[in-house]
Each structure stands twice: as structure tokens, then as C-alpha cells.
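Read off the chains here:
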Amino acid sequence: MDRLLRVSIRVYGSKAMLILRDTLKVMFPIMLLGSFAEVIKAAFLTPTGFMATLFNITKWLPFHRDLAWSMGVIFHCTIDMIALYGAFGAAYYTAKVYGRKSAAAGVAGLLSFLIISYQPNSSGMPDFNPRLMSEGMLLSLIVGYLCGRIMVKLVNVKKDELFQLIKPVSIIIIFSAIVNMILGLIGRFEIPTYVASFVSQHTQINALFYVLGMGVLTNLLSWMAFGGPFTNSPTFGDSVSLSNMNAALKAGSSWNVPFKFTDTTLYHSFANFGGTGVVLALIIAILIFSKKVNNRKVSKWAIFPAIFNNNYAMMLGIPILFNPILLIPFLLAPLVNMILAAILLALHWIPAAAYPVPAGTPGPLIAFIGTNGNWLALIFGAFLICLDVLIYMPFVKLADQVVEKAGDDDEEI
């Protein structure tokens, strides 16, 4: 732990980490408001949403469709385009750290990522790769950093000539166009899951290891600001989920479904409380054990979206992204949850979650509703949250020490 502390202090004090922290800090309110909008639309204003179903909101609330549309607009212009803000911020703060024209660098970074993401549709109208816009933050940060360094290298701070920006901007445009062509050649930027086909064609023990591995990979890529194999919410349209649901409906219970180890029965039901990395447990751990004002304030703001499995605000506000201290519990807590859940499923102590759940269902309730109200599944989920808080506890305290030893004044966002 001492070695991790020393390494973390060096990383925390580096220029690259300073650029990253400043970029994520300016993006935090955008992501926070987008998280609120997404949760309100999915859980409260969608007829099949969790809160809408529970309280019949769409039956009595006037203009609920218009409100849902407005929330959707906010979501699409914030979280769904978050990589654009990342490209601008990374370029801006890179130039600022090196004492150059930061505003021009930010615009160059934004332009670069727009060119990289551009893909015209069949009508020839402008369109952009949705995966790059919403899940390409890692790429956008790299692009922004490179654009910032190019501006630092080629712009003379002592001169105030407008035309000296032409050369670096031209290089950035050419570089971005080349990257766009490369991405066009290799096809859409995504990672296939194949979960349903793998689970249905292999033994249960192989399926278990596969789901555990894909769960860890999803959390790792999420920590790296990149989209992973598993989605943030369970889906019930694949062949495995349909087979489990049909078996449960036919038998009247989900105790003897054919596929016990799937992304729905393990990852979504027990390892996604508050979003990837069991972020709800991290929020609780920070509120109990952290002494840092900034972290506690971010956690309080992030409680509402995290209850409905939206962790975007926490990923940027703490930040969790690229944080070496929080990587270990971010991967460990969900893995422990899935292993313990697999043991209980194998021992036939709890049924598998086979029934569909409403959109925006809080993480701890997914297993309860998905098993048609099995109380042991609910109690087990509560136990896992307590266990996850204990897993996060030493790392939350260590993160406080890093901030103190690095000389950070814990300014509020």
C-alpha cells in the first residue's frame, strides 16, 4: 500500500495528470446535468420506466411527452456528445499548462475530433459516429492532448500574429483526416459481445468464466473512458434471456432456468449497483470515510443518478477515470459480487433473474424484481453493497492521503 501511495503521488503531481484533472473538472457539471436528464427521462417519464410504472406518472403528469423530449435533448447534447468537450478541454489545458494560446488550442482540439468522428449519411448530410461521441472520451482526450502539444510547439507565445496559427491548424486537420480514413477502413469502432451465443453453446462453467472476464473488461474499459462489452442496463431481447424468461414463465418461477450464468443474472443483477464499478458503494464509502470536502460534495450530487445506475458524474467528479488508486476496488468489488452470486446460484440458494425489469430500475432492486420478488436476492444484494463499501474503504482513505501529500488544497468544483 505504501508503494501504491508513492506511485500515486508522483502520478498525481505530473503535468499530464494536471491536464486531465482540469479537463474532467470543467466537464463535471455537463456530465452531472446530463445524468439527471437521462435518469428523469428513463425512469420517470418513459411509460415503461421504473418510477413511471410504480407511480403511474405518465397517466397523470401533463406534458410528460414534452418533458421527456426536453430531457432527451439535454442528454444528447451532454453525455451523448461528451467526447467533444473532452477534446476541447484537453487541448485547452495542455496549451495553458505550457503557457500558450489556450483558446485557439481548444478550438483546434474540437475541430480535430469533429473531423475524426465525421461520417456522412446516405443523403450526404453531416453525421458523426455515435460511439465515438458518447464512448470515445479516451480517444478525444488523446486527440486534445496531441493538438495542444502541436499548438505549443508551433505557436510562438511572444508573437501575436494571426497567421502563425495557419500552420499548426493545417497539420491538425491533415492528421485528423488521416485518422478518419483509418477508422473508416477498419469499420465501426466497437467491441462485439457475443455473450448470448457463447453462453448457449458452451458449458455453464465456461459461461461463468466468460461472463466474469467480460465483466472485468467492461469495468476496465469504463475506467479508461471507453465503452465496454456489457451495457449499463440489462437487456432481455437476446436468445439466452428469452430462453430463461420462457422457462420461468412456463414453470412459474426462475429457479430452474437453463442458463444461470449470464450478464443479466450476474453482472447486471449484482455487480452494477450505481453503474460500473459498483459506484454506489464508493459514494457511501466516501460519505462515511473521506475527509475531503470536494469528494463528499461530488458524492452528494451524484447520489440521485447513481441510485438509478448512472455513474457518469462520479467518473469525472472524483475522478475515477484514470485514477490508479481507485482502479483496484473498481475492478475487485464487481468481481467479488459476481463470484459470490455465482456460488449462491450454483448452490440453488437464490433463483436467477429471468423476468424483465423496468427501465431505470435501481441496481439493488434488479435481482429482486428479476426473480419475481425473491427476498433472499434482495438481502444478498444489500449484503454485497456493505461488503463493497468495505472493499472501497482503504482506497478512499489512501486517496485522501495522496491529495494531502501532493499539496492539493481540495478546492470545490
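As the structure is a prediction and not an experimental result, all values here were calculated from the model.

Participant: What is the right way to read the overall build of the protein from this model?
Facilitator: In terms of helices and strands, the protein carries 20 helices and 0 strands. Here the protein holds 413 residues, and 49% of them are scored as buried. Across the protein, every contact between residues at least 6 apart in sequence was considered, and the portion connecting residues at least 24 apart equals 72%.

Participant: Sorry, what's going on with the environment of Val 357 here?
Facilitator: Among the secondary structure elements, Val 357 is positioned in the loop between helix H18 (324-346) and helix H19 (363-370). Between the alpha carbons of Val 357 and Phe 50 there is a distance of 7.9 Å; along the sequence they are 307 residues apart.

Participant: Explain the UniProt feature "transmembrane region" (unreviewed entry) in the protein here, please?
Facilitator: With numbering matched to this structure, UniProt assigns "transmembrane region" (unreviewed entry) to residues 26-47, 67-95, 102-118, 169-187, 207-226, 270-289, 301-322 and 375-395. Along residues 207-226, the helical share is 85% and the strand share 0%, with 24 Å between the first and last C-alpha atoms. Structurally, residues 270-289 is divided into 60% helix and 0% strand, and its ends, taken at the C-alpha atoms, are 24 Å apart.

Participant: Teacher, can you tell me more about the packing of H19 against helix H20 (residues 375-405) here?
Facilitator: When two helices pack together, their arrangement is captured by the angle between the axes and the distance separating the axes. Interaxial distance between H19 and H20 falls to 8 Å at its minimum, and their mutual angle equals 160°. The angle between the axes of H19 and H20 places the two elements in the roughly antiparallel class. Relative to H20, the crossing made by H19 is right-handed. Only Trp 375, Ala 377, Leu 378 and Ile 385 of H20 make contact with H19, whose side of the interface consists of Pro 364, Leu 365, Ala 367 and Phe 368. Counted by class, the contact of H19 with H20 contains 8 nonpolar, no polar and no charged residues.

Participant: How should I be thinking about the packing of aromatic side chains in this particular structure?
Facilitator: To describe a pair of aromatic rings, you give the distance between the ring centres and the angle between the ring planes. Scanning the model with the defined rule gives 12 aromatic pairs in all. Judged by centre distance (6.0 Å) and plane angle (20°), the rings of Phe 88 and Tyr 92 are stacked. Within this pair, Phe 88 and its partner Tyr 92 are both found in helix H6 (residues 82-97), separated by 4 residues, close to a single helical turn. On the basis of relative accessible area, Phe 88 is assigned to the partly exposed category, the value being 31%. By relative accessible area, Tyr 92 is classed as partly exposed at 24%. Where Phe 230 meets Tyr 267, the ring centres are 5.0 Å apart and the plane angle is 50°; that geometry is what we call tilted. One end of the pair, Phe 230, is in the loop between helix H12 (204-223) and helix H13 (239-251); the other, Tyr 267, is in helix H14 (residues 263-270), and 37 residues separate them in sequence. The pair Phe 230 / Tyr 267 is uniform in exposure class, with both members buried. The cationic tip of Arg 149 hangs over the ring face of Tyr 98; the distance from NZ or CZ to the ring centre is 4.5 Å.

Participant: What is the right way to look at the environment of Lys 15 in this model?
Facilitator: Tracing the chain through its elements places Lys 15 in helix H2 (residues 15-45). Residues contacting Lys 15, with those up to four places away along its chain left out, are Val 97 and Tyr 98.

Participant: In this structure, what is going on with unusual backbone geometry? I would like to understand it.
Facilitator: One can expect most non-glycine residues to show negative phi and most peptide bonds to be in trans. Look at the link from Ile 318 to Pro 319: it is a cis peptide, with omega at -5°. Positive phi, close to 50°, is recorded for Val 278, a residue that is not glycine. Tracing the sequence through the fold places Val 278 in the loop between H14 and helix H15 (279-289). Its relative accessible area of 0% is what places Val 278 among the buried residues.

Participant: Would you explain the nonpolar core in this entry?
Facilitator: Nonpolar side chains in soluble globular proteins generally cluster together in the buried interior. Counting 78 residues, the largest nonpolar core has Met 137, Leu 266, Met 314 and Ile 320 as its most contacted members. Here the element with the most residues in this core is H20; it accounts for 13 residues. Shared between two domains, this core holds at least three residues of each, these being domain 1 (13-186) and domain 2 (191-412). Ranked by size, the runner-up nonpolar core spans 20 residues in total, among them Ala 95, Ala 105, Met 133 and Val 143.

Scoring rules and cut-offs
- Residues numbered from 1 in each chain as written.
- Predicted model: local features only at pLDDT ≥ 70, side-chain atom pairs only at ≥ 80, totals over all residues.
- Heavy atoms only, no water.
- Helix = DSSP H or I, 4+ residues; strand = E, 2+ residues; numbered from the N terminus.
- Buried < 20%, exposed > 50% of the residue type's maximum accessible area, 1.4 Å probe, protein only.
- Contact = heavy atoms within 4.5 Å.
- UniProt positions renumbered as here; feature names shortened; annotations may be inferred.
- Axes fitted to C-alpha atoms, helices over the stretch in contact; angles between N-to-C directions.
- Parallel < 35°, antiparallel > 145°, perpendicular 65-115°, else oblique.
- Left-handed = near helix turned anticlockwise from the far one by under 90°.
- Nonpolar A, V, L, I, M, F, W, Y, C, P; charged D, E, K, R; others polar.
- Phe/Tyr/Trp six-rings, centres within 6.5 Å; stacked < 30°, edge-to-face > 60°.
- Lys NZ or Arg CZ within 6 Å of the ring centre and 35° of its normal.
- Core = buried A, V, L, I, M, F, W, Y, C linked by side-chain atoms within 4.5 Å.
- Domains from an automatic or database assignment.

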